[in-house]
Amino acid sequence: MPTGQGARNEPIVLSGICGSTKVRRILVDQGSSCNIMKKEVAEQLEATKEGIIQRTIAELFAFDQRPVSVMGKICMPVTFGAVGRCRTERLEFMILDTDISYNIILGCPGINNFGMIPSTVHLKVKFPTPKGICTMNVDQPTARSCYISSCRDPSAKKPRVMAIEDQKFKEPPRQAMEPVGYKDIQLSQDPTKTTRIGQGLSPNMESRLTELLRQNMDVFAWVPTDFTGVDRNVAEHHINTHPDARPIRQKQRHFSEEKCRIIKEKTKEF
C-alpha cells in the first residue's frame with residue numbers, strides 16, 4: 001500500500017451495528033453483487049439464536065473465479081451513523097465460511113439500500129438520514145490492518161481476531177473550556193427581565209448587542225405561558241430507539257407516605 005504524502009488508497013472500512021451488536025471491519029465494496037458475512041460473525045450475533053439463518057445451496061465466485069460455497073443467508077437490521085443522524089435498513093447477507101480480513105462486505109444491494117456515496121479520494125461515506133445527510137469517516141488504521149492481512153501468504157497460519165464488541169455508546173471526551181465572565185443587563189423597566197452577556201465585549205459591541213436584545217424582547221419567554229408553540233421545523237424531540245424494539249410497560253411503583261410527601265414537595269419546586 002502506498003504511504004507518505006498524498007497516499008489515500010485505503011479501502012472504505014466502517015463500523016456499524018448489526019442487530020444489537022457493534023461490528024467493525026465492514027468493507028464497502030461497490031464491486032460486490034451481494035452482501036457477505038463471515039461465518040464466525042454470524043455465529044456471534046444474537047440474531048442467529050432466533051433461527052433467522054436460512055439454509056441455501058448456492059455458490060459465489062471470487063475475483064479469481066474460484067467458487068465459494070454459501071452456507072446460508074440471514075436478514076437482519078443494520079445501522080450506520082451517529083447519534084442524531086443514523087439510519088437503519090434491513091439487509092440480507094450471504095454467510096460464507098472463508099478466511100477474509102473483513103467481518104462483513106457491504107455490496108451493491110446494501111450500498112443502494114442506504115443510498116451511500118463512498119469516496120476513496122476523501123475517505124468518507126455520505127448517505128441520507130431522517131435528520132439530514134450523515135458523513136462517516138473511514139477507519140484508516142483498521143483499513144490498513146485489513147489490507148496488510150489480505151496481502152499475507154494464505155498458507156501462513158495467523159490468528160483470527162474478530163473485531164466484534166458489545167454495543168456501548170461512549171461519549172467522546174470533552175475539552176475543558178476556559179471560564180468566561182458574564183454581566184447582567186436589564187432589558188426593560190421591569191427589573192425581573194434581565195439576561196446575560198459576556199464581559200469581554202468592547203464598549204461599542206456591548207452597546208449594540210444590548211440595543212439589539214431590547215428591540216427583540218418578544219423572542220424571550222419569561223414565564224411558561226409565553227410559549228405560544230415552536231415550529232417542528234425549528235425543534236422537535238426524537239427518541240432514538242431501535243425500530244424493532246418491543247415497548248415494555250413498567251410496573252407501577254408504590255411508595256410509603258413519607259416518600260410520597262417528599263416527592264410532592266420536590267415536584268412543586270419544578
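Not measured: the values here are computed from a predicted model.

**Some remarks on the pairing of strand β10 (residues 132-137)**
Taken together, the 6 bridges between strand β9 (residues 124-129) and β10 define a ladder with antiparallel strand orientation. From the neighbouring strand, K126 faces β10, where its bridge partner is T135. Linking β9 back to β10 in an antiparallel pair, the connection comprises 2 residues.

**Observations regarding a nonpolar patch on the surface**
Together, F227, V230 and V234 line one region of the surface with nonpolar side chains, adding up to about 350 Å² of accessible area. Counting through the fold element by element, V234 comes out in the loop between α4 (203-215) and α5 (257-269). Taking relative accessible area as the criterion, V234 reaches 66% and is therefore assigned exposed.

**Considering the sheet that holds strand β8 (residues 117-119)**
One key point about sheets: their strands pair by backbone hydrogen bonds, in either a parallel or an antiparallel sense. The antiparallel open sheet is built from 3 strands, whose spatial order is β8-β9-β10. One side of each edge strand has no neighbouring strand; the edge strands of this open sheet are β8 and β10. On average, adjacent strands in this sheet sit at an angle of 20 degrees to one another, irrespective of strand direction.

**Quick notes on the environment of L209**
Tracing the backbone shows L209 in helix α4. Linking L209 and I197, residues 12 residues apart in sequence, is a C-alpha distance of 8.5 Å. In this structure, L209 is in contact with I197 and L201, ignoring residues within four places of it in sequence.

**Thoughts on the confidence of the model for the protein**
Residues at a pLDDT of 70 or more form 77% of the protein, whose mean pLDDT is 78. Counted against residues more than four places away or in other chains, residues 1-7, with its pLDDT under 50, gives 6 contacts. Overall, residues 156-169 carries pLDDT values under 50, and its contacts beyond four positions in sequence, including any with other chains, amount to 27 contacts.

**Observations concerning α4**
The end-to-end C-alpha separation of α4 is 18 Å, in line with the 18 Å expected for 13 residues at 1.5 Å each. Along α4, the residues classified as buried are E206, T210 and L213. One face of α4 carries all of its buried residues, which in axial projection span an arc of 65 degrees. More than 90 degrees from the buried face of α4, the exposed residues found are N204, R208 and Q215. On the buried face of α4, the contacting elements are β12 (182-186) and β13 (194-198).

**Description of the pattern of salt bridges**
Summed over all chains, the structure comprises 9 salt bridges. Among the ionic pairs, E92 bridges to K73, the shortest N-O distance being 3.9 Å. Pair noted here: E92 is in strand β6 (residues 85-96) and K73 is in strand β5 (residues 67-82), with a separation of 19 residues, a long-range link. Judged by relative accessible area, E92 falls into the partly exposed class, the value being 40%.

**Some words on the state of the cysteines**
Within the structure shown, the criterion is met by 0 disulfides. In this model C86 remains outside any disulfide bridge; the closest cysteine sulfur is found in C134, 8.0 Å from its own.

**Considerations on unusual backbone geometry**
Here R25, not a glycine, exhibits a phi torsion of approximately 60 degrees, which is positive. On the secondary structure map, R25 appears in strand β2 (residues 21-28). Given a relative accessible area of 18%, R25 falls into the buried group. Positive phi, close to 55 degrees, is recorded for L123, a residue that is not glycine.

**Points about the nonpolar core**
Within the largest apolar cluster, 39 residues are counted, with the highest numbers of intra-cluster contacts made by L14, M37, F80, F93, L106 and M116. Sorting elements by how many residues they give to this core places β5 first, with 6 residues. In contact with M116, not counting residues within four places along its chain, are L14, F80, L106, I111, V125, K126 and F127. Formed by 5 residues, the second largest nonpolar core is a distinct cluster that contains I185, L187, I197 and L213.

Thresholds, definitions, all that
- Residues numbered from 1 in each chain as written.
- Predicted model: local features only at pLDDT ≥ 70, side-chain atom pairs only at ≥ 80, totals over all residues.
- Heavy atoms only, no water.
- Pairing = 2+ DSSP bridges.
- Helix = DSSP H or I, 4+ residues; strand = E, 2+ residues; numbered from the N terminus.
- Patch = residues over 30% accessible without salt bridge, like charges linked within 9 Å, V, L, I, M, F, W, Y side chains within 5 Å.
- Areas by Shrake-Rupley, 256 points an atom, 1.4 Å probe, with all protein chains shown as cover.
- Salt bridge = Lys/Arg side-chain N within 4 Å of Asp/Glu carboxyl O.
- Buried < 20%, exposed > 50% of the residue type's maximum accessible area, 1.4 Å probe, protein only.
- Axes fitted to C-alpha atoms, helices over the stretch in contact; angles between N-to-C directions.
- Contact = heavy atoms within 4.5 Å.
- pLDDT = per-residue confidence, 0-100.
- Expected span 1.5 Å × (residues − 1).
- Arc of directions from axis to C-beta.
- Disulfide = S-S within 2.5 Å.
- Core = buried A, V, L, I, M, F, W, Y, C linked by side-chain atoms within 4.5 Å.

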